[in-house]
Amino acid sequence: MILASAGEDFFRAILQGTPPGTVFALVALGFVLTYKTSGVFNLAFGAQAYISAALYFQAKNEWGWHAAPALLLAVFVVAPLIGLILERAIFRSLRTASAVAKLVVAIGLNVALPAIFELVVGYEPVAGRTPTGIVSGGASVFYDPFGVYPFSRDELTQMAVALAGVLLLGALFRYTSIGLAMRAVVESPRMTEMAGIRADWVSAFAWALSSAFAGMAGVLIAPRFNTLIAPDFFNLVVVAMAAAAIGRLVSLPRALVGGLALGWFTAVFNTFVPDWAETFTWLEPFSDNLTPAIPFVALFGILVLWPEIRRARDVPDPMAGVDPPPPVPANHARHPYLTIGVRAFAVCFLILFGWVAFTQADIRWLFLITQAVILSTIYLSITVITGFAGQISLCQGTFAAIGAFTVFQMADRWDTSVLLAAIVGALIACGVGVLVSIPVLRLAGVWLAIATLAFAYFFDSVVVKFSWVGGGDTSLLQGTRVPRPELGPWDFGDDKSFLVLAVIVLIIMSFFVIQLREGTIGRTLRVLRGSEVAAESIGISSAKARIAAFAVSAFIAGLGGAMLSMHQENVNYSNNFAPATALFWLVLVVSLSARTVEGAIQAGAAFSLFPPVILQGTFLGWILRSEDRIPGLFPISPKWRFVLFGLASIQFARHPEGLLEFGKRRSTARLDARLFEKYPLAQRSGSQGLTAEDPAPKNSQDAAEDSAPQAADDKLEADS
């Protein structure tokens, strides 16, 4: 009897896990299709699926269309058109870029695309309005072929489309010339064109096909959500990454099996573990908290333990050797007098800004300025891990949350000084950073980013719920309150005094990061960023350097998170440190400049001050000396912040140094050309290449004659 009952429960769990497993498989197939045909790990897949689902819902429910034309518009017109636009405007110029650069661009698109759609179409999510499927009675008509578990029409449609998708895509890649051409374009578009294949056309077809698949997946998946919002689609994409990882992003059958296996395992776990927990009480924490994190644990385990993934490395374009070397930083190339002038201007600007902030700003502006300063401290952690080490970590928000929760727990439980608790929280975050870095040491590029994202979602779905982290049931009633610090006779409860403390912390961390960049660790990280193989060939340990980078960045993020919780007098985890928020942090920092301290500071200012200063018209009102803003123009929707900074990340692949550094280099070249013509920029920077404006010498004698005066000038400059 017991065995029969257990067998029936197991069979019911398998049937129950098949529909969600099919959903995971649909998304995983989309990942595999995009990566296999474009070489892009498309984190914007969820955004594309959301656009098609929301457009179908809008056309059918708001515009009164029938299901067939609404499906045709959303999946077979708009979705392929989005893919063509993305390929032509963005990814065509990024085909030879690194996988990490493409990943950053995809993250930026994931931020920007939903906001663009909502602004253009005027779509606003309404809580509680469940989307309908593409078949009549999809959620109300059920079939129970085994007498154990009934399937809805929507679920049967999802399973049929997933199976048909695997068969059709498999036939496309195996038996057609276009499938072979798509795989060849991913490896090297330039060599493919030498064989007479139009790489542009092949790439455009691949993106249109993958976008249509994303649109179909979005429309089919939408009925599973109570409210149609973009974050739910991205969360589902993160869950389905485990299935895509099983297929190493290239195997369609493995992705299908991986998705189904993930759904089956989750259903079996939810069926048996709660019953076992009644007998074995030590299983209760796992039963209550681990269920939502099963996909993330599975994803992290697959990435760390799967030998094929640990050995995987990005395959560079064989023709990449003809690409020009990266430019030197602007501060290394400009004239010393210009450097002095820039620094003097910066000091004067900061003094003026500080005077205005402390004498003219009200409570609201003091809050925003202090928040900008603290976020700049947190963003310095991205400068270390991404700018210096060249690694994409998507769990910096988690490290910051650890610092914030440590301050909350130590102040709430033991009435500890919050400044001491902030240091302890930063050290705990540093230790967690080391623990995270050790199992992912052998991962590279995209796989490392996915592993850190899995850890961030595991923390979000499981760890935060424990009472010794997020406060448990107590936090639901009282919140996660954090007091302002006191240090001897100084009370930082006042907003202005706390701003001074935040500025001091930022200055100390900025000086520390600069010294790190110029020291042995910084130089080692730069070497590893250039070529890990070359670095190891000269005796540099990549493992130690990675651990050091994770530890330092986690410490800085933890300290910044503690300061942010003190500033707001509450942790506010969902608003401040959720994984989606940390993704936008990365987009913002790499768009401006991930390799400089001023890039982190300007990113903090942009995140906090851009909406009130620009989008709400405060800056324009100050210029016009009027409190009245232009009617019908202000305030501008805050969604434009996500659009502008999300699309700005596209420049990362073209200018990995960031828009700030790119602008500095161009302005430095122009100023040098006008003010210091005797010492041209290219010659002082030591560049060996010729620009379009430099005439090439006709022969070696001309070259020697041209270089002689410059050598004399260089000697004079060195002597002076």
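Residues numbered from 1 in each chain as written. Predicted model: local features only at pLDDT ≥ 70, side-chain atom pairs only at ≥ 80, totals over all residues. Heavy atoms only, no water.

A. Region of the structure containing the layout of surface pockets. In this structure, the second largest pocket spans a volume of roughly 850 Å³. Along the wall of the second largest pocket there are 30 residues; nearest its centre are V111, P231, A580, T581 and F642. Put simply, the parts of the chain that give the lining of the second largest pocket at least two residues each are α4 (99-121), α9 (230-246), α16 (363-388), α19 (446-461), α25 (542-568), α26 (573-576), α27 (579-592) and α30 (639-648). Examining the composition of the lining of the second largest pocket, we find that 6 residues originate from one element, α27, more than from any other. Class assignment of the residues belonging to the lining of the second largest pocket gives a composition of 18 nonpolar, 8 polar and 4 charged. (1 Å grid on protein atoms, 1.4 Å probe; cavity = no way out; pocket = protein on both sides within 12 Å on 5 of 7 lines; lining within 4 Å. Points joined across faces, edges and corners; volume = space filled by probe spheres on them. Helix = DSSP H or I, 4+ residues; strand = E, 2+ residues; numbered from the N terminus. Nonpolar A, V, L, I, M, F, W, Y, C, P; charged D, E, K, R; others polar.)

B. Structural detail: helix α23 (residues 520-530). All buried positions along α23 are accounted for by G522, T524, L525 and L528. Angular distribution of buried residues about the axis of α23 spans 160°; they occupy a single face of the element. Exposed residues pointing more than 90 degrees away from the buried face of α23 are listed as T520 and G530. Looking at the buried side of α23, the elements it contacts are α16, α22 (495-518), α24 (532-537) and α25. (Buried < 20%, exposed > 50% of the residue type's maximum accessible area, 1.4 Å probe, protein only. Arc of directions from axis to C-beta. Contact = heavy atoms within 4.5 Å.)

C. Molecular detail of the pattern of salt bridges. Counted by the stated rule, this structure contains 6 salt bridges. In this structure, the salt-bridge partner of D495 is R484, at a minimum N-O distance of 3.4 Å. Of this pair, D495 sits in helix α22 while R484 sits in the loop between α21 (473-478) and β3 (486-487), and the two are 11 residues apart along the sequence. Given the relative accessible area of 27%, D495 is considered partly exposed. Owing to a relative accessible area of 13%, R484 belongs among the buried residues under this scheme. The partner of E518 in a salt bridge is R517, and the shortest N-O contact between them spans 3.1 Å. Shared partners join several salt bridges into a network, and the residues in it are E8, D9 and R12. (Salt bridge = Lys/Arg side-chain N within 4 Å of Asp/Glu carboxyl O.)

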